[in-house]
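Below, each chain spelled out in residue letters.
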Amino acid sequence: MEVPAASDGVDLAAYRARLPAAAGEFDESGFYGCYDNVASVGSDALSGYNTLDAPPHYDFYANTASFRPHRRFRPSLFQLHTEPEVDSGPPLYEETTGQMGGGDSSEEDEEEQKEPPPEPTRFGWVQGVMIRCMLNIWGVILYLRLPWITAQAGIGLTWVIILLSSCITGITGLSTSAIATNGKVKGGGTYFLISRSLGPELGGSIGLIFAFANAVAVAMHTVGFAETVTELMSESGAVMVDRTNDIRIIGIITVTCLLGISMAGMAWESKAQVLFFLVIMVSFASYIVGTIIPASAQKQAKGFFSYKADIFTSNFVPGWRGPEGSFFGMFSIFFPSATGILAGANISGDLKNPTVAIPRGTLSAIFWTTISYLIISATIGSCVVRDASGLLNDTLSPSSSSEGCVGLACQYGWDFTDCINNKTCSYGISNYYQAMSMVSAFAPLVTAGIFGATLSSALACLVSAPKVFQCLCKDKLYPLIGFFGKGYGKNDEPLRSYLLTYVIASCFILIAELNSIAPIISNFFLCSYALINFSCFHASVTNSPGWRPSFRFYSKWLSLLGSVCCVVIMFLLNWWAALIAFGIVFFLLGYTLYKKPAVNWGSSVQASFYNMALNQCVGLNHVEDHVKNYRPQCLVLTGPPSSRPALVDLVTCFTKNLSLMMCGNVVIASSSPSVVEEASRDSNVSWLNQRKVKSFYSGVVAPELRSGVNMLLQGAGLGRMKPNVLVMGFKNYWDRDTPHAAHSYIGILHDAFDLQYGVCLLRMKEELDVSPSAHSHVNAGFCGRQENLNILSAPSHIQKRCSASVATEPETQPRTVFQKKQGKKTIDVYWLSDDGGLTLLLPYLLTRRKRWAKCKVRVFVGGEADKKEEQKEEVLALIKKFRLGFHDVEVLPDIYQKPRPENVHRFEDMVGRFRLDSNPKQDSDSAASRQQEESWKITDNDLERNQAKSLRQIRLNEVLQDYSREAALIVITMPVGRRGVCPNTLYLMWLDFLSRDLGPPVLLVRGNQENVLTFYCQ
């Protein structure tokens, strides 16, 4: 087809690629029918040509199910780049958890998708966050304790307390805004933000603490309400029992009513909050008007004289009184009033758009409440003196002298000297908690404001605590709390958590003392704020690409400063309470680290682990290897690790907490998505984790075993963190397998030696491979099973088995001999050739494990009969310099004797199957070509050249049977067959005959001929 030039102005739509749909040809639209909405419509419209590539869409990235009739799915990479076949069945979709079907979905599923569930009540940033936060901040402290704090600390230090609290909450608000805008926020509030940022370890502990702190805050605000009601009753002369018990009774009744409102649903609770907000605003207006109106005689008797410069000057400086009279004492009482900034975030699951509502509403609430606190502290300190009697008779007559009068009120015609000197004054901002009601233009309005502030704050905390706790329960981080996570109704209301919060709040209401309850929760809230700020700092400093908050007005260093300030203030407020808070955090942290919950939230802790690991690996490149730091870093050819647990357990014994272990798996098949998935199944890693094996796992797909192992040998590891020892099982029944399989098996050993690997072969009386036949195609050449010997020659069947076994569940954990305590058995080491010391190092590492610690290591070496003692002393001296702790050395002169004739005949029978027939009638050229074609065959010349070594292996087997029948493990230096001199089949016969008919496990070891032991200190 002739391609037109670009300058001709050709319409590309005319040259769209279209597959013919004729009979017998592939119909792409039929095969990909499920992409009607994606490929044929969306991509055609956006890109201008017909393609399977789909344009960007929300459905491709959403985790939750879509309630449209047809959800869109992204085509898989396999579909985009491979040639479609009508009879093939590749995985249709990727990155989806929905139903993976085409257009033929059932009618029932379509009905379910067409009818989404009813939408629960959602709130905007004003009603859902700003008003809720302001109401929670304007709590009991504002009305009942702010005038008293102003009297204690003075206006100046009160402003410092307010601004310091606002700085902490403001920084925390910025950090919260950054975290809340870094992805879609669900229910769980503060716990959700911290846990998804820092991970379940710190998130879980702070979730429990924060939920508990909110439950105690319910009690604090309820006690404040009950105090006000009790004061009103006492003014009217109505008393039920006494002041303390009246507070308890009223508090329990109040929190029960609030529980009923909260359990009625978020809609009712939100309407109640709006009503409370209006009442508080009216009370503020009444208070401001009251400060301007000239004071009546009754108010003057209680210490109110309207705005006076002298009163402002006097009240500007501190006037500490009582045991709580200190800066941090006042701060600990005031700070809970600033802790309502997370009230909106705590109901994040009930917001329309949390990423917009939380930053905007929280920061607005902090700003306006800070302004209100500053105004009220300044106005109340400018109008009311610290001490007043409340008696109308305590006035100065014009004729009396004011020389003996004490107090600022003397200037305004009032004499409170007696109560000041006797410390019995009942009024004034130092003594009267209801000072704002007394100042206001209409006292009942401020009383209503107190009711609104206390009840709204209590209601907000009563809603926040169950919501946070419900999210924590659903994550299943801790035992015995899942019962409280169940939700009811369309809003998923945590009714059981409401009842638990009610019980906790009721217990603390029984304290009936506001000043005692407030400091309890200060440390818990400060601890929460410290972790929120640290979460923001940690997420920023790890430079994770996933940290992309849309809220940009934050600083990681400011967040760190806020976190440090919170911790410092915790200890300054109450050091023992701070220790208790951190003790609880660390206890829960330790529990979570020990249990390792199966959650993955992409936390910043994971990002920091990656950064640290990357930096450490790169740092190793600047350090040259030294023999003192040598560690056997093992590539273990296990196949799926569950198929050869004994091999895994043995290598774990000398690599755990010491060096690198990597389990390798070669899936022999042609590459396809299903086979690649089989090679990299997560169940393999899960099996290792369940067995508590510290190992990596790497799987590759290759057309044959040897090429796949070569991939692992060359590609495994990272920098200097790469394997240097190859560990594999001995190939049983090799003589019944195809000659090519045996040739390939020995070729793996040669490849390892070429790449400077040490090699270990494990042979056991029991078979290493315990996998069911469904998995027998994987790595069948590592240690062949008799019934699965022809698998390598049937690649078509292999591929089908791979596809069928993808969904197989991980197997149970079998017990192996290497998991048992070995007692006082022996580890027999036959150090027959010097390979650099690996043959000695591995037994030493084994004896460092508890289950091998009682085993006695016996070292056997070859020698001469007449120099036996001398050679023994030489070997002992050498081992002593290595500081291995081996003291039992035995010289074996009989290894050089001739083997028994019957064993030689057995070996010759074994060789007979693989000998190349020598026909004297054939010419030399045809014989050479035949030998080249059948390279695995053994010629007479090969036998003659390797006769001495063959006899040596036969004799060594006899020695092993004589000396090591009762050993726990036999470690022997593995012979090396020279390439081009010793045929692969003959080499495999050596290894087979050397290790056959032995009861204990046999580990054949050959280092790479470089030192792994040294007796020098540098």
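I will try to describe carefully the structure that is included in this document. Being a predicted model, the structure only gives us computed values, none of them experimental. Residue indices follow the written sequence of each chain, beginning from 1 at its first position. The predicted nature of this model means local features are confined to residues of pLDDT at least 70 and side-chain atom pairs, given and counted, to a pLDDT of 80 or more, with totals for whole chains, interfaces and linings taken over all residues. No hydrogens and no water enter the side-chain calculation; it runs on all heavy atoms of the structure.

## Notes on the packing of aromatic side chains
Step number 1: Each pair of aromatic rings taken from Phe, Tyr and Trp, with Trp reduced to its six-membered ring, is defined by centres within 6.5 Å and is described as stacked if the planes are under 30 degrees apart, edge-to-face if over 60, and tilted in the remaining cases. Applying the stated criterion across every chain yields a total of 34 aromatic pairs.
Step number 2: Note on Phe367 and Trp368: the rings are 5.0 Å apart at their centroids and 75 degrees apart in plane angle, and the pair reads as edge-to-face.
Step number 3: When accessible area is computed with a 1.4 Å probe and restricted to protein chains, residues below 20% of their type maximum are described as buried, those above 50% as exposed, and intermediate ones as partly exposed. The exposure class of Trp368 is partly exposed, given its relative accessible area of 47%.
Step number 4: An aromatic cluster is built from Phe210, Phe331, Phe335, Phe525 and Tyr529, whose rings are joined through pairwise contacts.
Step number 5: Counted as over-ring charges are cases with an Arg CZ or a Lys NZ within 6 Å of the ring centre that also lie within 35 degrees of the ring normal. For Arg360, the ring lying beneath its charged end belongs to Trp125, and the centroid distance is 5.5 Å.

## Overview of the pairing of strand E1 (residues 634–637)
Step number 1: Here a strand is any run of E in DSSP of at least two residues, a helix any run of H or I of at least four, and the numbering for each starts at the N terminus. Burial of the side chains of E1 extends over both faces: Cys634 and Val636 are buried on one face and Leu635 and Leu637 on the other.
Step number 2: Here E1 runs beside strand E2 (residues 661–668); their pairing, made up of four bridges, is parallel. If you follow Leu635 over to E2, its bridge partner there is Met662.
Step number 3: Following the backbone out of E1, through helix H24 (residues 645–655) and into the adjacent parallel E2, one traces a crossover that is right-handed.
Step number 4: In this analysis, strands are considered paired if DSSP registers two or more bridges between them. Taken together, the four bridges between E1 and strand E4 (residues 725–729) define a ladder with parallel strand orientation. Directly across from Val636, in E4, lies its bridge partner Val727. We call a crossover right-handed when, viewed with the strands running away from us, the connection from the first strand over the helix to the second turns clockwise.

## So, the nonpolar core
Step number 1: The criterion is simple. A nonpolar core is a set of buried Ala, Val, Leu, Ile, Met, Phe, Trp, Tyr and Cys residues joined through side-chain atoms within 4.5 Å. Ranked by size, the top nonpolar core spans 147 residues in total, and within it Leu142, Tyr143, Ile149, Phe334, Val384 and Tyr529 carry the most contacts.
Step number 2: At 16 residues, helix H9 (residues 200–235) tops the list of elements feeding residues into this core.
Step number 3: Any two residues whose heavy atoms approach within 4.5 Å at even a single point are treated as in contact. Those residues within four positions of Ile149 in sequence are excluded, and the remaining contacts are Ile141, Gly154, Thr158, Ile161, Met330, Ile333 and Phe334.
Step number 4: In terms of nonpolar packing, the next biggest core, distinct from the first, is built from 58 residues, Val666, Phe730, Ile938 and Leu988 among them.

## Some words on helix H28 (residues 739–754)
Step number 1: One fewer than the residue count of a helix, multiplied by 1.5 Å, yields its expected span. Taking 1.5 Å as the rise per residue, H28 with 16 residues should run 22 Å; its terminal C-alpha atoms sit 22 Å apart, in good agreement.
Step number 2: Judged by how many residues are buried, H28 sits mostly within the fold: 12 of 16 residues are covered.
Step number 3: Looking at the buried positions of H28, the neighbouring elements they touch are helix H27 (705–715), E4, strand E5 (758–763), helix H36 (984–995) and strand E10 (1002–1006).
Step number 4: Remark: Gln756 follows H28 within two positions and exhibits a positive phi of approximately 65 degrees.

## Quick look at the packing of helix H21 (residues 556–573) against helix H22 (residues 575–595)
Step number 1: Note on geometry: axes are lines fitted to C-alpha atoms, helical ones only across the stretch in contact, with angles between N-to-C directions running from 0 to 180 degrees. Packing of H21 against H22 brings their axes to within 5 Å, and their N-to-C directions diverge by 130 degrees. By the criterion of interaxial angle, the relationship of H21 to H22 is oblique. Contacts from Val567, Met570, Phe571 and Leu573 of H21 reach H22 at Trp575, Ala578, Leu579, Ala581 and Phe582. Angular relationships are summarised with four words: roughly parallel below 35 degrees, roughly antiparallel beyond 145, roughly perpendicular across 65 to 115, and oblique for the angles in between.

## Points about the sheet that holds E4
Step number 1: Read across the sheet, 10 strands follow the order E3-E2-E1-E4-E5-E10-E9-E6-E7-E8 without closing on themselves; strand pairing throughout is mixed. Edge positions in the sheet fall to strand E3 (696–702) and strand E8 (888–892), since each of these pairs with one other strand and no more. Pairs of neighbouring strands in the sheet enclose a mean axial angle of 20 degrees, with direction left out of account.
Step number 2: Across the sheet, helix H31 (residues 868–882) is in contact with strand E7 (856–862) and E8; its angle to E8 comes to roughly 140 degrees.
Step number 3: With respect to the sheet, helix H35 (residues 947–963) is in contact with strand E6 (826–830), E7, E8 and strand E9 (969–973), its orientation differing from that of E6 by roughly 160 degrees.

## Some words on a positive patch on the surface
Step number 1: Residues forming no salt bridge and having over 30% relative accessible area are the ones grouped into patches, like charges within 9 Å of each other and nonpolar side chains (Val, Leu, Ile, Met, Phe, Trp, Tyr) within 5 Å. Computed by Shrake-Rupley with a 1.4 Å probe, the accessible areas treat only the displayed protein chains as cover when residues are assessed. By definition here, a salt bridge exists when the distance from a side-chain nitrogen of Lys or Arg to a carboxyl oxygen of Asp or Glu is within 4 Å. The positive count covers Lys and Arg only, the negative count covers Asp and Glu only, and His and the chain ends enter neither. Note on charges: their place is set at NZ of Lys, CZ of Arg, CG of Asp or CD of Glu. A surface patch of positive charge is lined by Arg815, Lys820, Lys825 and Arg851.
Step number 2: Mapped onto the elements of the fold, Arg851 is located in the loop between helix H30 (838–847) and E7.

## Some details on the pattern of salt bridges
Note on pairing: side chains with opposite charge can pair once their charged atoms come close.
Step number 1: The tally for this structure, following the rule as stated, stands at 19 salt bridges.
Step number 2: Ionic pairing is found between Arg243 and Glu231, a salt bridge with its closest N-O pair at 3.8 Å. One end of the pair, Arg243, is in helix H10 (residues 243–263); the other, Glu231, is in helix H9, and 12 residues separate them in sequence.
Step number 3: Since its relative accessible area comes to 37%, Arg243 is described here as partly exposed.
Step number 4: Between Arg321 and Asp387 there is a salt bridge whose closest N-O contact spans 2.5 Å. Placement of Arg321 in the loop between helix H13 (309–316) and helix H14 (327–334) and of Asp387 in the loop between helix H15 (354–383) and helix H16 (417–422) is noted, with a sequence separation of 66 residues between them.

## Considering the packing of helix H8 (residues 189–198) against H9
Step number 1: Axis separation between H8 and H9 bottoms out at 7 Å; the angle between their running directions is 165 degrees. The pairing of H8 with H9 is recorded here as roughly antiparallel in orientation. Judged by the twist between their axes, the crossing of H8 over H9 is right-handed. Across from Thr190, Tyr191, Ile194, Ser195 and Leu198 in H8, the residues of H9 making contact are Pro200, Glu201, Leu202, Gly203, Gly204, Ile206, Gly207 and Phe210.
Step number 2: When the residues that make up the contact of H8 with H9 are grouped by side-chain class, the tally is seven nonpolar, five polar and one charged. By convention the crossing between two helices is left-handed if the near helix lies anticlockwise of the far one by an angle smaller than a right angle, and right-handed if it lies clockwise. Gly is placed with the polar residues, together with every amino acid not listed as nonpolar (Ala, Val, Leu, Ile, Met, Phe, Trp, Tyr, Cys and Pro) or charged (Asp, Glu, Lys and Arg).

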